[in-house]
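Listed below, chain by chain, are the residues.
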Amino acid sequence: MSETTRATGPGSEGEPPRWQRRPDERPSEILQAALDSFVENGFAATRLEDVASRAGVAKGTLYLYFDSKEELFKAVVREIIVTSLERGEQLAESYQGPTTDLLRELLRGWWDTIHRSRLTGLPRLMLSEAANFPDLARYYFDEVVQRGRRLFARTLERGIERGEFRPMDVEYTVRIIMAPVVMALVWKHTMVKCQIDGLAFDCHLQALIDMAVHGVLRTPTGGPGRA
């Protein structure tokens, strides 16, 4: 069925069909459809024609914006994840309050961006397919993992410089702080999905924040649950 023929069909309730929307909306719709497909099917099993169908465009239309599946994946990372990282960087750059509060906000913001959105399956996807697609793994590592590490490292260094945090090995403290979030997301799409082991994600986050904040303070104060 051609895109022109489909234009006469009904859209979802309360909004026009995707193919009747403005052309400048199509790249965003394609990226969202690609993200869903990558998370559900994996990178290798995702076909461009399926992404196009999911986005409500012809396959030829998809190629007007993206040359290949690899470029489509990079665009998903760049436009959806990196944009969120940029907001965190801007927050850290302009933040005027205590570094403990900044660390809490960054952890909650990172969690909300990933766990409460369609991005939740990407860490598992990268861990499972990195060996088969090393170029994409490198791109994800450079643009997401390394950039996230730098953001948290600068935050810890800020706290040390201001006398709020104790001296520490910043690089490995960042790795330890970030690891429980990645593990929770992987668990969500493996054991939890199989109903083997439940995980109260909000409690998991709160425990992480409590341990992270009180673990880096120069003089720990307060008790569990006060982070």
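Refer to the structure printed above.
In every chain, residue numbers begin from 1 and rise along the written sequence. Local features are withheld for residues below a pLDDT of 70 in this predicted model, meaning they are given only at 70 or higher, and side-chain atom pairs are given and counted only at 80 or more; totals for whole chains, interfaces and linings count all residues. Values reported for side chains reflect all heavy atoms of the structure, with hydrogen atoms and water molecules removed beforehand.

Quick look at the pattern of salt bridges now. A pair is scored as a salt bridge if a Lys or Arg side-chain nitrogen falls within 4 Å of a carboxyl oxygen belonging to Asp or Glu. All told, the structure shown has 12 salt bridges when counted by the stated rule. Between Glu49 and Lys59 there is a salt bridge, and its shortest N-O distance comes to 3.3 Å. Here the residue Glu49 occupies a position in helix α3 (residues 48-55), and Lys59 occupies one in helix α4 (residues 59-65), the gap between them amounting to 10 residues. Assessed through its relative accessible area of 32%, Glu49 is described here as partly exposed. We note a salt bridge from Arg175 to Glu171, for which the minimum N-O separation is 3.6 Å. A residue pair is termed a helical-turn pair when its members lie 3 or 4 positions apart in one helix, as Arg175 and Glu171 do in helix α9 (residues 170-188) at four residues. For Arg175, a relative accessible area of 32% corresponds to the partly exposed category. The network of salt bridges with common partners includes Arg47, Glu49, Asp50 and Lys59. Working definition: helices are DSSP H or I runs of at least four residues, strands are E runs of at least two. Numbering for both runs from the N terminus. A 1.4 Å probe rolled over the protein chains alone gives each residue an accessible area, and that area as a share of the maximum for its type sets the label: buried under 20%, exposed over 50%, partly exposed in between.

Moving on to helix α5 (residues 69-94). With 26 residues, α5 ought to run about 38 Å at 1.5 Å a step, and its terminal C-alpha atoms sit 37 Å apart, in line with that. Residue Val82 marks the point of greatest curvature in α5, where the axis turns by about 35°. The length a helix should cover is 1.5 Å for every residue beyond the first. Bend is the name given here to the angle between axes fitted to two runs of seven residues, the run ending at a residue and the run starting at it.

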